[in-house]
Amino acid sequence: MSYPIRIAVQIRPQHGDYRDIRAAAVQAEEMGVDAVFNWDHFYPLYGDPDGKHFECWTMLASFAEVTERVEIGALVTCYSYRNAHLLADMARTVDHISDGRLILGLGAGWFEKDYSEYEYPYGTGGTRLRDFEAGLYRITKRLRLLNPPPVRDIPMLIGGMGEKQTLRLAGRYADIWHGFGGPETLTRKSRILDGWCREAGRDPAEVERAIEVEDPTDIDRADGLLAAGATLITLSINGPRYDLSAVPDWLSLRDGRNAARQGG
């Protein structure tokens, strides 16, 4: 399967006012991005650790209403924060609000402050991954049982780099795998993911490869990431200003490369 190059933005809901977050989502769609993501935390990851912050899934329902074309999702939802069956129902509902534009981004969780402040059991990396695996089964089961069903087969994105567990789960469940780092890391992890896909009886080409770019002005990174197999590139956009000025260069690169792939 051959995927077109896509450009997304992650509007990080930290330090800014919600009206500015919402305006950034609308502006990104007007510019022509393919997807708008937020993240699933309760506190900022950068800057003032107790600064302004907003909740993920309430925001996704808002994104679904104020946009019309872009796909939307969390990069990524922490499975631990919600009952798996409830999370599936939330995803189905946002999918309907958006008329079938949700990407269900999922991960096992890692940010200890979120857990401790909101009184969730933190456990260990191993226990969180075991719970995550059980949760993926429950989520996929509940999505099949809901009435009405989702508008479409909601694409599942799994984020993370762990070679023995996270990539194994991505090989079994994911439509999109989201990683971090440079071309060498992406290439190596993709090969490991390929092996897990085959073990699960899947064609590795069924799983799109995605990567995040922390500095959107660093477009020189594009060639290496694309050569390593990434087709969905997400640009990190931080608050409080939500500066999208670097996005058009990435969209021009996307359009030119996709046109070249199609022979003109």
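Scroll up to find the structure this text is about.
All residue numbers refer to position in the chain's written sequence, counted from 1. Reporting of local features is limited, given that this is a predicted model, to residues whose pLDDT is at least 70; pairs of side-chain atoms are given and counted only at 80 or more, and all residues count toward the totals for whole chains, interfaces and linings. Only heavy atoms go into the side-chain values, all of them from the structure, while hydrogens and water stay out.

1. Points about the environment of Gly32
Strands here mean DSSP runs of E at least two residues long; helices mean DSSP runs of H or I at least four residues long; both are numbered from the N terminus. By the secondary structure assignment, Gly32 is in the loop between helix H1 (18-31) and strand S2 (35-38). A residue is classified by how much of its surface remains accessible, and Gly32, at 17% relative accessible area, is buried. When checking whether two residues touch, look at their non-hydrogen atoms; a contact exists if any pair is within 4.5 Å. Excluding anything up to four places from it in sequence, Gly32 contacts Arg69, Leu251 and Arg254. Burial classes follow relative accessibility: with a 1.4 Å probe on protein chains only, a residue under 20% of its type's maximum area counts as buried, one over 50% as exposed, and anything between as partly exposed.

2. Structural notes on helix H5 (residues 125-145)
Compared with an ideal rise of 1.5 Å per residue, which puts 21 residues at 30 Å, H5 spans 30 Å between its outermost C-alpha atoms and is within 8% of the ideal. When H5 is considered as a whole, its buried residues turn out to be Arg128, Phe132, Gly135, Leu136, Ile139, Thr140 and Leu143. An end-on view of H5 places all buried positions within 135° of arc, on one side of the element. Away from the buried face of H5 by more than 90 degrees, exposed residues Arg130, Arg144 and Leu145 are located. Packing partners of the buried residues in H5 comprise helix H3 (84-97), strand S5 (102-107), helix H4 (112-117), strand S6 (156-159) and helix H6 (166-173). Helix span, expected: 1.5 Å multiplied by one less than the number of residues in the helix. What the arc measures is the spread of directions leading from the helix axis to the C-beta atoms.

3. Some remarks on the environment of Leu253
As for its placement among the helices and strands, Leu253 is situated in helix H9 (residues 247-261). Classification of Leu253 by relative accessible area gives buried; the value is 17%. Counting along the chain gives 246 residues from Leu253 to Ile7, while the straight-line C-alpha distance between them is 9.5 Å. Ignoring anything within four residues of it in the chain, the contact list for Leu253 reads Ile219, Ala222 and Leu226.

4. Observations regarding the pattern of salt bridges
Any Lys or Arg side-chain nitrogen found within 4 Å of a carboxyl oxygen on Asp or Glu counts as a salt bridge. Summed over the entire model, instances satisfying the criterion amount to 20 salt bridges. Where Arg254 meets Asp34, a salt bridge forms, and the shortest distance between an N and an O atom there is 3.0 Å. Remark: Asp34 occurs in the loop between H1 and S2 and Arg254 occurs in helix H9; sequence separation between them is 220 residues. Since its relative accessible area comes to 10%, Arg254 is described here as buried.

5. Overview of the packing of aromatic side chains
In this scheme Phe, Tyr and Trp rings, the latter by its six-membered ring, pair at centre separations within 6.5 Å, and the angle between planes marks the pair as stacked below 30 degrees, edge-to-face above 60, and tilted otherwise. The final tally for this structure, using the stated rule, is 11 aromatic pairs. When the ring of Tyr79 is compared with that of Phe132, the centres are 6.3 Å apart and the planes differ by 45°; the resulting orientation is tilted. In this pair, Tyr79 sits in the loop between strand S4 (77-78) and H3 while Phe132 sits in helix H5, placing the two residues 53 residues apart along the sequence. Residue classification places Tyr79 among the buried positions, given a relative accessible area of 10%. Plain terms: the ring middles of Tyr81 and Tyr120 are 5.3 Å apart, the flat faces sit at 25° to each other, and that makes the pair stacked. Of this pair, Tyr81 sits in the loop between S4 and H3 while Tyr120 is found in the loop between H4 and H5, placing the two residues 39 residues apart along the sequence. Under the relative-accessibility criterion, Tyr81 is labelled buried at 5%.

6. Section: the pairing of S2
A two-sided burial pattern is seen for S2, the buried positions comprising Ala35 and Phe37 on one face and Val36 and Asn38 on the other. Sheet analysis places strand S1 (residues 6-11) next to S2, joined by 3 bridges and oriented parallel. Residue pairing for S2: Gln10 is matched across the bridge by Phe37. For the handedness criterion, the β-α-β arrangement of S1, H1 and S2 is classed as right-handed. Two elements, S2 and strand S3 (residues 71-74), share 4 bridges in a ladder whose sense is parallel. Bridge assignment links Phe37 to a residue of S3, and that residue is Gly73. Chirality of the crossover, the property in question, places the unit of S2, helix H2 (residues 56-66) and S3 among those that are right-handed. At least two bridges found by DSSP between two strands is the condition for calling them paired. Handedness is read with the strands pointing away from the viewer; a crossover is right-handed when the path from the first strand over the helix to the second is clockwise.

7. Concerning the nonpolar core
Definition used in this section: a nonpolar core is a set of buried Ala, Val, Leu, Ile, Met, Phe, Trp, Tyr and Cys residues joined via side-chain atoms within 4.5 Å. In terms of nonpolar packing, the biggest core is built from 64 residues, with Val9, Val36, Trp57, Phe63, Leu104 and Ile139 touching the most fellow members. Of all the elements, H2 adds the most residues to this core, at 6 residues. Ignoring any residue separated from it by four or fewer positions in sequence, one finds Phe63 in contact with Tyr18, Ile21, Ala25, Val36, Asn38 and Ile72.

8. Quick word on the state of the cysteines
The disulfide criterion used throughout: a pair of cysteine sulfur atoms within 2.5 Å. Tallied over the full model, the rule gives 0 disulfides. Residue Cys56 stays outside any disulfide, its sulfur separated by 10 Å from that of Cys78, the closest cysteine.

9. Notes on the side chain of Glu29
When you line up the elements, Glu29 lands in helix H1. In this structure, Glu29 is buried with no salt-bridge partner, the nearest side chain bearing the opposite charge being Arg101 at 4.6 Å. Polar contacts, as counted here, are pairs of nitrogen or oxygen atoms within 3.5 Å of one another; within protein the pair requires one atom able to donate a hydrogen and one able to accept it, and residues that are adjacent in sequence qualify only if both atoms are side-chain atoms. At 2.4 Å, the side chain of Glu29 and the backbone nitrogen of Arg69 are in polar contact. Setting aside chain neighbours within four positions, we find Glu29 in contact with Val66, Thr67, Glu68, Arg69 and Val70. When charges are counted, Lys and Arg contribute as positive and Asp and Glu as negative, whereas His and the chain ends are disregarded.

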